[in-house]
Amino acid sequence: MTSHRKIFGTAGVRGRANLEPVTAETVLKLGRAAGHVFKNLETVARGRGRHKIVLGKDTRLSGYMLENALSSGILSMGVDVLFIGPLPSPGVAYVTRSLRADAGIVITASHNAYDDNGVKFFRADGYKLDDKIEDEIENLVFSGDVDFIRPMAENIGKAVRIDDALGRYIEQAKSSIPRGMTLEGLRLVVDCAHGAAYKSTPCVLRELGAEVLAYGIQPDGMNINQACGSMHPALMCRKVMEHRADLGLAHDGDADRVLLCDECGTLIDGDDIMAIAGLDMLTQGTLARRTVVGTVMSNAGLGRAIETAGGRFVRTAVGDRHVIDEMLRNEFNFGGEQSGHMIFRDYSTTGDGLVAALQILRIMKTKQAPLSKLAQCWTRFPQIVTNIVVREKRPFEELDDVPKLLADAEGELKGQGGRVLLRYSGTEPKARLLVEGPDAPPLEKWSKVISDAIKKHVGA
């Protein structure tokens, strides 16, 4: 059992499989704690039936071990487990709502390599857990307060396999585009990263009439995200050109994100998707409060395009959880990240790579325009990101000339619509400097000057 008492990160619990905290022993305790918490939550009544938790996973080898440990813990607390097998994270969130379960859990490490794994939770309504509930589960894991809660005999939970979970998600995804619209006449390259979408995404696109050339659909437990998928989009771009396809799409391991490729082989990232979809929603009057939610990493040109069209662009900290929290607080319905997490709240409660791709395909069909033309709706600002290896993470304001350099750079670039962002990495010994603006030369100057100053003080 790990001595580090914080196991929840921004995407649930995650780490190297079979090392703390992602071990069978700790995940068993996590299952017991989660079963107790969800069983006793004062939420909207889920009916008179037994308490139940939906349990899905991606295609990692370690998923078998963690699935058994997690389910054993949940069952031991008198909560039923509904196994749904490999399914994208947004599919698990949807099936949780569809089956009126107390919660949903997906065993995944998203875009990480196969030897990592993790546990991600959804509330009964399909949204990610509040910090308060995560803290309660985490405290129970370490305190041992549930060790003596032992339902007996008929009060122990039952495990049931749900055979139609994939079909439920497929139908829900298809419903995100207008009834009667087809994708006939489109040739699509799909890279499922040998992950959780290896069945669902090709199936949905084919049922809607597209010609689908699918890659990354032969998971063996160890090839998830390996030289494929949204972490390695070059494969998708190459296949689009080879097959002369109209569009390519690439998922990560749990398919909560997507990157696209236009018919010319050009990569279309999350900022492009937000620009195309956000401007279309503004025109159609379907963008709630005329606002798109991005992060501090979103390109400044995206915000300018939305604002020029009469909308508003709001930034959050990095992480789709922060985007979703902002959307929920202010009743916004569209947001996302440059990395490809797209949240269309009218159709999904979390990032959904398939729904995002379908929205772009809908716009292509409606406007009868290729993706390359749609992507011309905005102008990307030049952007330089520098990673500086550091020996310690002293506050930047303590680094003598760094605060003044930052102020000077911001003063010059802000007047041109640019910006400077400096932060320490949360996972590596690095400082990350982003300098952005309409013209490249000033960016190169400030990037070098500020980087040199940081290296002088705390460089490794």
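Sequence order as written defines the numbering, with residues in each chain counted from 1. For a predicted model such as this one, the threshold for reporting local features is a pLDDT of at least 70, and the threshold for listing and counting side-chain atom pairs is 80 or more; totals across whole chains, interfaces and linings nevertheless cover every residue. With hydrogens and water set aside, each side-chain value is computed from the structure's full complement of heavy atoms.

Whenever I open this one, the pattern of salt bridges confuses me. Can you help?
Working definition: two side chains of opposite charge can pair if their charged atoms are close together. Basic side-chain nitrogens of Lys or Arg form a salt bridge, by our definition, when they fall within 4 Å of a carboxyl oxygen of Asp or Glu. Per the counting criterion, the structure on display carries 31 salt bridges. Here Asp135 ties to Lys6 by a salt bridge, and the two come within 4.0 Å at their closest N and O atoms. Taken together, the residues Asp135 in helix H4 (residues 131–143) and Lys6 in the segment before strand S1 (8–9) connect sequence positions 129 residues apart. By relative accessible area, Asp135 is classed as partly exposed at 35%. Between Arg168 and Asp164 there is a salt bridge, with the nearest N and O atoms lying 3.2 Å from each other. The exposure class assigned to Asp164 is partly exposed, which follows from its relative accessible area of 39%. The network of salt bridges with common partners includes Lys6, Asp135 and Glu138. Counting from the N terminus, the helices are DSSP H or I runs at least four residues long and the strands are E runs at least two residues long. Relative accessibility thresholds used throughout: buried, under 20% of the residue-type maximum; exposed, over 50%; partly exposed, between the two (1.4 Å probe, protein chains only).

Help me understand a nonpolar patch on the surface, please; the structure alone is not making it clear to me.
On the surface, Leu61, Tyr64, Tyr114 and Met222 cluster together to form a nonpolar patch covering roughly 410 Å² of accessible area. Of note, Leu61 is situated in the loop between strand S3 (52–57) and helix H2 (63–76). The class of Leu61 is partly exposed, set by a relative accessible area of 47%. Patch definition: residues above 30% relative accessible area lacking any salt bridge, with like charges linked at up to 9 Å and the nonpolar side chains Val, Leu, Ile, Met, Phe, Trp and Tyr linked at up to 5 Å. Surface accessibility in these figures is a Shrake-Rupley result with a 1.4 Å probe; residues are shielded only by whichever protein chains are displayed.

What's the story with the packing of aromatic side chains in this structure? I'm lost.
Here a ring pair, both rings aromatic, is described through the centre-centre distance and the interplanar angle of the planes. Each aromatic pair joins two rings of Phe, Tyr and Trp (for Trp, the six-membered one) with centres within 6.5 Å, and gets the label stacked for planes under 30 degrees apart, edge-to-face for over 60, and tilted for any other angle. One pass over the full model with this rule turns up four aromatic pairs. Seen in terms of ring centroids, Phe8 and Phe121 are 5.8 Å apart; in terms of plane orientation they differ by 45°. Their pairing is tilted. Taken together, the residues Phe8 in strand S1 and Phe121 in strand S6 (residues 116–122) connect sequence positions 113 residues apart. Phe121 sits in the buried class, given a relative accessible area of 4%. Taken together, Phe8, Phe38 and Phe121 form an aromatic cluster joined through their ring pairs. Both a distance and an angle decide whether a charge sits over a ring: NZ of Lys or CZ of Arg must be within 6 Å of the ring centre and within 35 degrees of the ring normal. Geometry around Tyr64 places Lys57 over its ring, the cationic atom sitting 4.0 Å from the centre.

Got a minute to help me understand the pairing of S6 in this structure?
Two faces belong to every sheet, and in a regular strand the side chains alternate between them. Counting buried residues in S6 gives seven out of seven residues, a clear majority hidden from the surface. A two-sided burial pattern is seen for S6, the buried positions comprising Asp116, Gly118, Lys120 and Phe122 on one face and Asn117, Val119 and Phe121 on the other. The pairing criterion is simple: DSSP has to find at least two bridges between the two strands. When strand S2 (residues 12–16) meets S6, the two strands line up antiparallel, connected through four bridges. Across the sheet, Arg16 pairs through a bridge with Asp116, a residue of S6. Pairing geometry for strand S5 (residues 103–107) and S6, over four bridges, is antiparallel.

I'm lost on the packing of helix H8 (residues 270–284) against helix H9 (residues 300–308) in this one. Help?
When two helices pack together, their arrangement is captured by the angle between the axes and the distance separating the axes. Where H8 meets H9, the closest approach of the two axes is 10 Å, and the angle between their N-to-C directions is 5°. Relative to H9, H8 is oriented roughly parallel. Together, Asp271, Met274, Ala275, Gly278, Leu279 and Leu282 of H8 and Leu302, Ala305 and Ile306 of H9 make up the contact between the two elements. Charged means Asp, Glu, Lys or Arg here, nonpolar means Ala, Val, Leu, Ile, Met, Phe, Trp, Tyr, Cys or Pro, and polar covers whatever is left, Gly included. Considered class by class, the residues forming the contact of H8 with H9 number seven nonpolar, one polar and one charged. Only the contacting stretch of a helix is used when fitting its axis, a line to C-alpha atoms as for every element, and angles between N-to-C directions run 0 to 180 degrees. Roughly parallel means an angle under 35 degrees; roughly antiparallel, over 145; roughly perpendicular, 65 to 115; everything else is oblique. A contact between two residues is defined here by any heavy atoms of the two lying within 4.5 Å.

Explain the nonpolar core to me, please; I cannot follow it from the model alone.
One recurring pattern in soluble globular proteins: nonpolar side chains tend to sit buried together. We call a set of buried residues a nonpolar core when its members are Ala, Val, Leu, Ile, Met, Phe, Trp, Tyr or Cys and they connect through side-chain atoms within 4.5 Å of each other. Counting residues in each nonpolar core, the largest one holds 65 residues, and the members touching the most others are Leu205, Leu247, Leu260, Phe334, Leu358, Ile360 and Leu361. Sorting elements by how many residues they give to this core places helix H11 (residues 353–367) first, with nine residues. The contacts of Leu358, once residues within four sequence positions are left out, are Ala173, Ser176, Ile177, Leu183, Val204, Leu205 and Leu208. Among the nonpolar cores identified, the runner-up in size contains 33 residues, and Val13, Val22, Leu66 and Leu140 belong to it.

Can you walk me through the pairing of strand S11 (residues 258–261) in this structure?
The side-chain alternation of S11 yields two buried faces, one formed by Val258 and Leu260 and the other by Leu259 and Cys261. Two successive antiparallel strands, strand S10 (residues 247–251) and S11, enclose a turn made up of six residues, where Ala255 displays a positive phi of approximately 60°. Where S11 folds back on strand S12 (residues 267–268), the antiparallel hairpin that results is connected by five residues, among which Gly265 adopts a positive phi of roughly 90°.

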